[in-house]
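Here are the chains, one letter per residue:
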Amino acid sequence: MKKTNLSDYDPSRVPDGGRYKISIVVAEWNAEITNALLQGAYDTLLQHGVAEDNINIIHVPGSYELTTGADLVLRRGQCDAVICLGCVIQGDTRHFDFICEAVSQGLTNVSLKHEKPVIFGLLTTNNMQQALDRCGGKHGNKGVEAAVTALKMCALCE
Ligand code: RBF
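So, here is what we can say about the structure in this document. (Residues numbered from 1 in each chain as written. Predicted model: local features only at pLDDT ≥ 70, side-chain atom pairs only at ≥ 80, totals over all residues. Heavy atoms only, no water.)

A short note on the site of the ligand
Okay, step 1: In the vicinity of the ligand, the contacting residues are Trp29, Asn30, Gly62, Ser63, Tyr64, Glu65, Cys87, Val88, Ile89, His95 and Ile99.
Okay, step 2: At 3.0 Å from an oxygen atom of the ligand is found a main-chain nitrogen or oxygen belonging to Tyr64.
Okay, step 3: Alone, the ligand offers 540 Å² of accessible surface; in the complex the protein occludes 68% of this.
Okay, step 4: Of all the secondary structure elements, the ones that give two or more residues to the shell around the ligand are strand E3 (81–89) and helix H3 (95–114).
Okay, step 5: Take the shell around the ligand: its biggest share by element is three residues, from E3. (Near = heavy atom within 4 Å. Polar contact = N/O pair within 3.5 Å; in protein donor to acceptor, adjacent residues only side chain to side chain. Areas by Shrake-Rupley, 256 points an atom, 1.4 Å probe, with all protein chains shown as cover. Helix = DSSP H or I, 4+ residues; strand = E, 2+ residues; numbered from the N terminus.)

What follows is the structure, given as structure tokens:
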């Protein structure tokens with residue numbers, strides 16, 4: 001399989017973020033990884049014109065709580081899109097499967113319920129190295145990609 005850095009994108013194809021309010025919900029589990037994802041997403045939003053005051057960051061304990069966090073910010077009606085960032089690393093038990101399934105289904109439901117884009121920025125990796133490779137390593141930073149996706153979806157929803 002050819003492995004590429006998917007975070008290389010054409011900035012001219014990203015909508016200007018000047019009009020948008022974006023919330024970022026970030027999980028505290030695997031904080032080394034999720035803080036790097038957060039930095040990537042935050043910097044990318046700023047680069048594309050989102051005002052600092054229009055970026056709202058909330059922390060939740062683990063990835064499982066991303067769904068509740070996204071629902072909370074959308075219920076408060078404060079934003080045009082929510083970026084959810086977390087990292088689940090495969091362990092010896094089945095928690096990985098339960099968490100990944102719950103988050104992917106949960107975020108889809110929240111997005112449809114509120115009719116707003118909810119971006120799935122959850123790393124689901126076999127080990128720590130794969131996670132490091134995707135939060136600013138050889139496979140880019142999935143936080144950057146999540147921010148680009150949020151801006152594209154905001155423009156689509158206008
Ligand atoms: N949360 C994560 O964000 N990433 C993980 O890799 C992760 N692994 C977990 C493994 C176990 C055995 C348990 C019990 C929880 C784990 N969590 C993880 C926390 C989970 O997302 C959630 O915060 C807690 O289950 C409380 O609802």
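Considering the pairing of E3
Okay, step 1: For E3, the buried fraction is high: eight of the nine residues fall into the buried class.
Okay, step 2: Judged from the five bridges that link them, strand E1 (residues 22–27) and E3 form a sheet pairing that is parallel. Pairing of Val25 across the sheet is with Cys84, part of E3.
Okay, step 3: Direction of pairing for E3 relative to strand E4 (residues 118–125): parallel, over a ladder of eight bridges. (Buried < 20%, exposed > 50% of the residue type's maximum accessible area, 1.4 Å probe, protein only. Pairing = 2+ DSSP bridges.)

Structural notes on the environment of Lys116
Okay, step 1: Structurally, Lys116 is set in the loop between H3 and E4.
Okay, step 2: Lys116 gets classed as partly exposed once you look at its relative accessible area, which sits at 30%.
Okay, step 3: The sequence separation of Lys116 and Met153 amounts to 37 residues, and the corresponding C-alpha distance is 8.7 Å.
Okay, step 4: Excluding residues within four positions of it along the chain, Lys116 makes contact with Leu74, Cys79, Asp80 and Ser111. (Contact = heavy atoms within 4.5 Å.)

Here's the deal with the nonpolar core
Okay, step 1: Counting 27 residues, the largest nonpolar core has Ile22, Ile24, Ile33, Leu45, Ile83, Leu85 and Leu151 as the members making the most contacts within it.
Okay, step 2: Non-local contacts of Ile83, meaning those with residues more than four positions away in its chain, are made with Ile22, Ser23, Ile24, Val25, Leu45, Ile119, Ala146, Ala147 and Ala150.
Okay, step 3: Membership of the second largest hydrophobic core comes to 19 residues, among which are Val25, Val73, Cys84 and Leu107. (Core = buried A, V, L, I, M, F, W, Y, C linked by side-chain atoms within 4.5 Å.)

Remember that the coordinates give geometry; whether it matters functionally is a separate question.
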